Amino acid sequence: MAGWAIAVHGGAGVDPNLPAERQEQAKQLLTRVLNLGIDALRSSVSAIDVVELVVRELESDPFFNSGRGSALTENGTVEMEASIMDGMGRRCGAVSGLTTVKNPVSLARLVMDKSPHSYLAFSGAEKFAKQMGVEMVDNEYFITQDNVEMLKQAKEADSIVFDYRIPTVGYETCGTGVQSPIHMNGLPISIYAPETVGCVVVDSQGRCAAATSTGGLLNKRMGRIGDSPLIGAGTYACDICAVSCTGEGEAIIRGTLAREVGAVMEYKGLGLQDAVDFVIKERLDEGKAGLIAVSKTGEVSYGFNCVGMFRGCATQNGFMEVGIWD
Amino acid sequence: MVGWAIAVHGGAGVDPNLPTERQEQAKQLLTRCLNLGISALRSSASAIDVVELVVRELETDPIFNSGRGSALTEKGTVEMEASIMDGVGRRCGAVSGLSTVKNPVSLARLVMDKSPHSYLAFSGAEDFAKQMGVEREENDYFVTEDNVGMLKVAKEANSIVFDYRIPTTGYESCGAGVESPIRMNGLPISVYAPETVGCVVVDSQGRCAAATSTGGLMNKRIGRIGDSPLIGAGTYACDVCGVSCTGEGEAIIRGTLAREVAAVMEYKGLALQEAVDFVIKERLDEGQAGLIAVSKTGEVAYGFNCVGMFRGCATEDGFMEVGIWE
């Protein structure tokens with residue numbers, strides 16, 4: 001048996017001007033959740049349980065864009081989505097459009113374990129949550145002052161950007177006082193902050209699992225679904241690997257990014273790092289994204305084609321690393 | 001340049017005891033839709049336009065499970081979903097949870113062409129539909145007598161089946177009056193009738209496209225999303241092929257079925273028919289499903305591992321075939 005391995009992420013696409021204090025906070029959070037996962041793995045907890053508990057922790061912390069601290073919709077509310085996949089049997093569960101469920105990843109787990117379906121959304125998902133008795137809170141619980149501010153700026157930026165696909169120079173009036181030539185999904189990177197979270201694990205039995213959770217795109221239309229709840233796009237796990245992605249949702253969906261890593265390993269015989277590099281290079285076209293991955297043989301790797309990705313990795317032989325930049 | 005090719009389907013998993021009259025009706029509908037597509041292709045319509053117009057026709061006809069004639073939710077209402085993908089640039093659009101949109105596939109097309117998102121669902125999708133001014137109807141427009149009857153039978157079957165995954169002998173009391181040992185998604189095949197519809201096309205310029213549309217699973221929970229709107233699962237198109245799947249949604253999602261056909265062509269160098277056979281054989285485990293596919297070189301193929309799939313295919317050199325069984 002090769003050892004266990006774990007990776008976590010807090011989003012790909014980071015403002016190069018992010019204040020040092022925020023960078024420190026991010027790294028501390030990543031370190032803390034990594035250690036949570038490591039403790040569980042040392043106690044022989046299974047991969048599927050570890051990814052769920054780590055993502056729950058990321059959702060409960062307001063820092064990144066999931067659970068509490070989720071990006072706000074155009075209406076100033078929160079609509080969360082998540083998916084989870086167990087490499088054993090490729091079982092999966094996903095949820096979208098959650099407004100009162102404290103931990104979306106846990107509801108996705110219940111969809112997988114306790115329902116005959118794979119994916120529940122909006123009021124049907126909320127109803128299932130009530131039936132399952134999961135912890136539920138008012139929508140306000142998820143909203144942070146930071147994100148209320150971000151939404152305001154995003155709306156100002158949008159009133160200038162007519163077609164989001166065309167980069168503009170309008171962002172100077174955003175009011176953040178930060179110059180940035182980088183855009184993702186049509187917004188300046190100082191505002192966009194994708195910060196979807198995810199975790200991938202291979203346990204000491206060689207079982208792989210992955211989970212991804214997000215509030216989605218800042219200022220999104222009500223009802224907009226991104227890549228995070230889509231199996232094969234934002235999340236994937238099978239007997240040889242587990243993957244969680246983050247970045248421009250549309251690019252991840254078109255590129256079926258998470259499945260792709262497993263596919264090139266199986267069909268082209270690539271090793272994990274080669275597979276990750278291949279997928280980031282070949283499957284993203286003009287899209288910007290990143291991903292973390294583990295293999296059943298205890299390897300961990302990540303890749304991204306944008307500026308920065310909040311991530312952390314650790315393996316059983318003592319390796320541990322938390323980072324943001326290249 | 002090789003010629004154009006087109007395939008349509010009306011669902012995989014057919015009751016072997018389906019009355020001859022219904023089999024005839026199905027074949028006539030498939031023939032009519034195929035001819036619609038063929039005429040358009042002969043007039044040099046592009047693949048993406050052809051798949052949309054053919055699926056619109058299938059949605060409008062009450063026979064299969066899409067648009068009018070959709071399977072009913074547990075509440076007796078209709079929640080429709082669809083996705084469409086253009087091999088050129090791998091652009092895509094998807095919708096779920098529609099209750100008033102006459103042609104879901106056309107709304108999916110608008111999501112792709114006229115919104116910065118890839119996937120809209122439930123009330124957000126309905127709002128977008130209003131803004132786009134698409135044709136809308138009251139929910140009863142979509143509900144047919146047949147399906148009201150089917151829902152009743154499904155509920156009776158369910159009251160016996162405690163865990164849908166365990167085959168039981170309870171179905172004799174279904175009241176369908178038809179003996180059938182075949183079950184899909186926990187329901188006897190005489191009741192289940194997946195009948196999702198889809199179309200794949202490669203036009204005379206070698207461009208591929210695919211679209212899939214459905215009312216989803218009979219007696220489904222409100223909010224349940226299946227494989228049909230999920231890019232890479234129910235629908236996929238890229239520069240080498242176009243694929244549309246149907247059958248047990250959960251199995252199609254876990255198997256990322258539509259993407260898989262293209263992946264084995266790209267990464268294993270398999271030709272279209274081999275790729276289809278490989279995917280049906282290797283990616284479905286105990287799941288039951290089928291798919292149709294075309295390649296950029298003008299080939300058409302289909303495969304299924306269950307009893308029957310309503311399908312039709314045609315190629316520019318005059319080949320045309322409509323069928324249900326092996």
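Since the structure is predicted, the reported quantities are computational estimates derived from the model, not experimental observations.

Focus on the packing of helix α3 (residues 104-114) of chain B against helix α4 (residues 122-132) of chain B
All names here are of chain B.
Line of reasoning, step 1. In the contact formed by α3 and α4, the axes pass within 11 Å of each other and the chain directions differ by 80°. Taken together, the axes of α3 and α4 are roughly perpendicular relative to one another. In contact with Leu-107, Leu-110, Val-111 and Lys-114 of α3, α4 contributes Ala-125, Phe-128, Ala-129 and Met-132.
Line of reasoning, step 2. Its residues placed into classes, the contact of α3 with α4 shows seven nonpolar, no polar and one charged.

Topic: the pairing of strand β1 (residues 5-12) of chain A
Residue and element names in this part refer to chain A.
Line of reasoning, step 1. The buried count for β1 comes to eight of eight residues, which makes it a mostly enclosed element.
Line of reasoning, step 2. Where β1 and strand β13 (residues 309-315) come together, six bridges link them in antiparallel fashion. In the sheet register, Ala-5 faces β13, and the bridge partner there is Thr-315.
Line of reasoning, step 3. Where β1 and strand β7 (residues 197-202) come together, five bridges link them in antiparallel fashion. In the strand pairing of β7, His-9 is matched with Gly-198.

Here's the deal with the state of the cysteines
Residues and elements named next belong to chain A.
Line of reasoning, step 1. For the coordinates displayed, the defined rule picks out zero disulfides over all chains.
Line of reasoning, step 2. With no disulfide of its own, Cys-92 has Cys-238 as its nearest cysteine by sulfur position, at a separation of 12 Å.
Line of reasoning, step 3. Cys-241 supplies the cysteine sulfur nearest to Cys-238, a cysteine that is in no disulfide, at a spacing of 4.1 Å.
Line of reasoning, step 4. Residue class for Cys-238 comes out buried when judged on its relative accessible area of 3%.

Some details on the environment of Gly-232 of chain A
Line of reasoning, step 1. As for its position among the elements, Gly-232 of chain A is in the loop between β8 (208-214) and β9 (235-237).
Line of reasoning, step 2. It is 9.0 Å that separates the C-alpha atoms of Gly-232 of chain A and Val-243 of chain A, two residues lying 11 residues apart in sequence.
Line of reasoning, step 3. Setting aside anything within four residues of it in sequence, one finds Gly-232 of chain A in contact with Thr-256, Leu-257, Ala-258 and Arg-259 of chain A together with Thr-256 of chain B.

Some remarks on the UniProt feature "binding site: substrate" (unreviewed entry) in chain A
Line of reasoning, step 1. The UniProt entry lists Arg-224, Ile-225, Gly-226, Asp-227, Thr-246, Gly-247, Glu-248 and Gly-249 of chain A under the feature "binding site: substrate" (unreviewed entry), expressed in the numbering used here.
Line of reasoning, step 2. Among the structural elements, Ile-225 of chain A can be located in the loop between β8 and β9.
Line of reasoning, step 3. A residue is classified by how much of its surface remains accessible, and Ile-225 of chain A, at 1% relative accessible area, is buried.
Line of reasoning, step 4. Sequence-distant contacts of Ile-225 of chain A, defined by excluding residues within four places in its chain, comprise Glu-81, Ser-96, Tyr-119, Phe-122 and Leu-230 of chain A together with Tyr-119, Ala-121 and Ile-225 of chain B.
Line of reasoning, step 5. With respect to the helices, strands and loops of the structure, Gly-226 of chain A is situated in the loop between β8 and β9.

Quick notes on the interface of chain B and chain A
Line of reasoning, step 1. On the side of chain A, 46 residues touch chain B, which itself brings 47 residues to the contact.
Line of reasoning, step 2. With both sides pooled, the region where chain B packs onto chain A buries about 3,900 Å², and carbon together with sulfur makes up 52% of that total.
Line of reasoning, step 3. Together, Arg-90, Arg-221 and Tyr-267 of chain B form the three largest contributors to the area buried by chain B at its contact with chain A, with a combined 20%.
Line of reasoning, step 4. The shortest N-O distance in the salt bridge between Glu-260 of chain B and Arg-259 of chain A comes to 2.3 Å.

What about the UniProt feature "binding site: substrate" (unreviewed entry) in chain B?
Line of reasoning, step 1. As annotated in UniProt, the feature "binding site: substrate" (unreviewed entry) corresponds to Arg-224, Ile-225, Gly-226, Asp-227, Thr-246, Gly-247, Glu-248 and Gly-249 of chain B in the numbering used here.
Line of reasoning, step 2. The class of Ile-225 of chain B is buried, set by a relative accessible area of 1%.
Line of reasoning, step 3. Excluding residues within four positions of it along the chain, Ile-225 of chain B makes contact with Tyr-119, Ala-121 and Ile-225 of chain A together with Glu-81, Ser-96, Tyr-119, Phe-122 and Leu-230 of chain B.
Line of reasoning, step 4. The class of Thr-246 of chain B is buried, set by a relative accessible area of 1%.
Line of reasoning, step 5. Contacts of Thr-246 of chain B, omitting those with residues within four sequence positions, involve His-9, Gly-11, Ala-12, Thr-196, Ile-252, Ala-289, Gly-290 and Met-309 of chain B.
Line of reasoning, step 6. Reaching out from Thr-246 of chain B, the side chain makes a polar contact with the backbone nitrogen of Ala-12 of chain B at a distance of 3.0 Å.

Some words on unusual backbone geometry
Line of reasoning, step 1. In this structure, Asp-285 of chain A takes a positive phi of about 45° despite not being glycine.
Line of reasoning, step 2. Along the polypeptide, Asp-285 of chain A turns up in the loop between α9 (272-282) and β11 (289-295).
Line of reasoning, step 3. Taking relative accessible area as the criterion, Asp-285 of chain A reaches 45% and is therefore assigned partly exposed.
Line of reasoning, step 4. At Ser-44 of chain B, a position not held by glycine, the phi torsion is positive, near 65°.
Line of reasoning, step 5. Here Ser-44 of chain B shows up in the loop between α1 (20-42) and α2 (47-60).
Line of reasoning, step 6. Judged by its relative accessible area of 54%, Ser-44 of chain B is exposed.

Things to note about the sheet that holds β7 of chain A
Residues and elements named next belong to chain A.
Line of reasoning, step 1. Taken in spatial order, the eight strands of this open sheet run β4-β3-β2-β8-β7-β1-β13-β14, and their pairing is mixed. Because the sheet does not close on itself, it has two edges, and the strands there are β4 (119-121) and β14 (320-323). Each strand of the sheet is rotated relative to its neighbour by a mean of 5°, with strand direction disregarded.

Some points on the packing of aromatic side chains
Line of reasoning, step 1. All told, the structure shown has 10 aromatic pairs over all chains when counted by the stated rule.
Line of reasoning, step 2. A ring pair is formed by Phe-278 of chain A and Tyr-267 of chain B, whose centres lie 5.9 Å apart and whose planes are at 75°; its orientation type is edge-to-face. Placement of the pair is Phe-278 of chain A in helix α9 and Tyr-267 of chain B in helix α8 (residues 257-268), with the two residues belonging to separate chains.
Line of reasoning, step 3. According to the relative accessible area criterion, Tyr-267 of chain B is buried, its value standing at 11%.
Line of reasoning, step 4. With a centroid separation of 5.1 Å and 50° between ring planes, the pair formed by Phe-64 of chain B and Phe-310 of chain B is classed as tilted. Of this pair, Phe-64 of chain B sits in the loop between α2 and β2 (80-86) while Phe-310 of chain B sits in strand β13 (residues 309-315), and the two are 246 residues apart along the sequence. Pair check on accessibility: Phe-64 of chain B and Phe-310 of chain B agree, each one buried.

Some details on the sheet that holds β2 of chain B
Within a sheet, neighbouring strands are paired by backbone hydrogen bonds and run either parallel or antiparallel to one another.
All names here are of chain B.
Line of reasoning, step 1. Strand order across the open sheet formed by eight strands is β4-β3-β2-β8-β7-β1-β13-β14, with mixed pairing between neighbours. Among the strands making up the open sheet, the edge pair consists of β4 (119-121) and β14 (320-323). Neighbour to neighbour, the strand axes of the sheet diverge by 5° on average, direction disregarded.
Line of reasoning, step 2. Where β2 lies against strand β8 (residues 208-214), six bridges are found, and the strand directions are antiparallel. Its bridge partner lying in β8, Glu-81 is registered against Thr-214.

Points about the confidence of the model for chain A
Line of reasoning, step 1. Averaged over every residue, the pLDDT of chain A is 91; the share at 70 or more is 91%.
Line of reasoning, step 2. Below a pLDDT of 50 lies the segment residues 160-180 of chain A, which in the model reaches 30 contacts outside its immediate sequence neighbourhood of four places, other chains included.

Some thoughts on the packing of helix α3 (residues 104-114) of chain A against helix α4 (residues 122-132) of chain A
All names here are of chain A.
Line of reasoning, step 1. Where α3 meets α4, the closest approach of the two axes is 11 Å, and the angle between their N-to-C directions is 80°. In terms of orientation, α3 lies roughly perpendicular with respect to α4. Between α3, through Leu-107, Leu-110, Val-111 and Lys-114, and α4, the contact on the second element is made entirely by Ala-125, Phe-128, Ala-129 and Met-132.

Quick look at the confidence of the model for chain B
Keep in mind that low pLDDT regions are not for reading the predicted coordinates in detail.
All names here are of chain B.
Line of reasoning, step 1. Across chain B, pLDDT averages 90, with 90% of residues at or above 70.
Line of reasoning, step 2. Note on residues 160-180: pLDDT is under 50 here. Beyond four places in sequence and across chains, it has 33 contacts.
Line of reasoning, step 3. This complex was scored by the predictor with a pTM of 0.92 and an ipTM of 0.91.

Criteria and thresholds
Residues numbered from 1 in each chain as written. Chains lettered and ligands numbered in written order. Predicted model: local features only at pLDDT ≥ 70, side-chain atom pairs only at ≥ 80, totals over all residues. Heavy atoms only, no water. Axes fitted to C-alpha atoms, helices over the stretch in contact; angles between N-to-C directions. Helix = DSSP H or I, 4+ residues; strand = E, 2+ residues; numbered from the N terminus. Parallel < 35°, antiparallel > 145°, perpendicular 65-115°, else oblique. Contact = heavy atoms within 4.5 Å. Nonpolar A, V, L, I, M, F, W, Y, C, P; charged D, E, K, R; others polar. Buried < 20%, exposed > 50% of the residue type's maximum accessible area, 1.4 Å probe, protein only. Pairing = 2+ DSSP bridges. Disulfide = S-S within 2.5 Å. UniProt positions renumbered as here; feature names shortened; annotations may be inferred. Buried area = accessible area lost by both parts, 1.4 Å probe. Salt bridge = Lys/Arg side-chain N within 4 Å of Asp/Glu carboxyl O. Polar contact = N/O pair within 3.5 Å; in protein donor to acceptor, adjacent residues only side chain to side chain. Phe/Tyr/Trp six-rings, centres within 6.5 Å; stacked < 30°, edge-to-face > 60°. pLDDT = per-residue confidence, 0-100.

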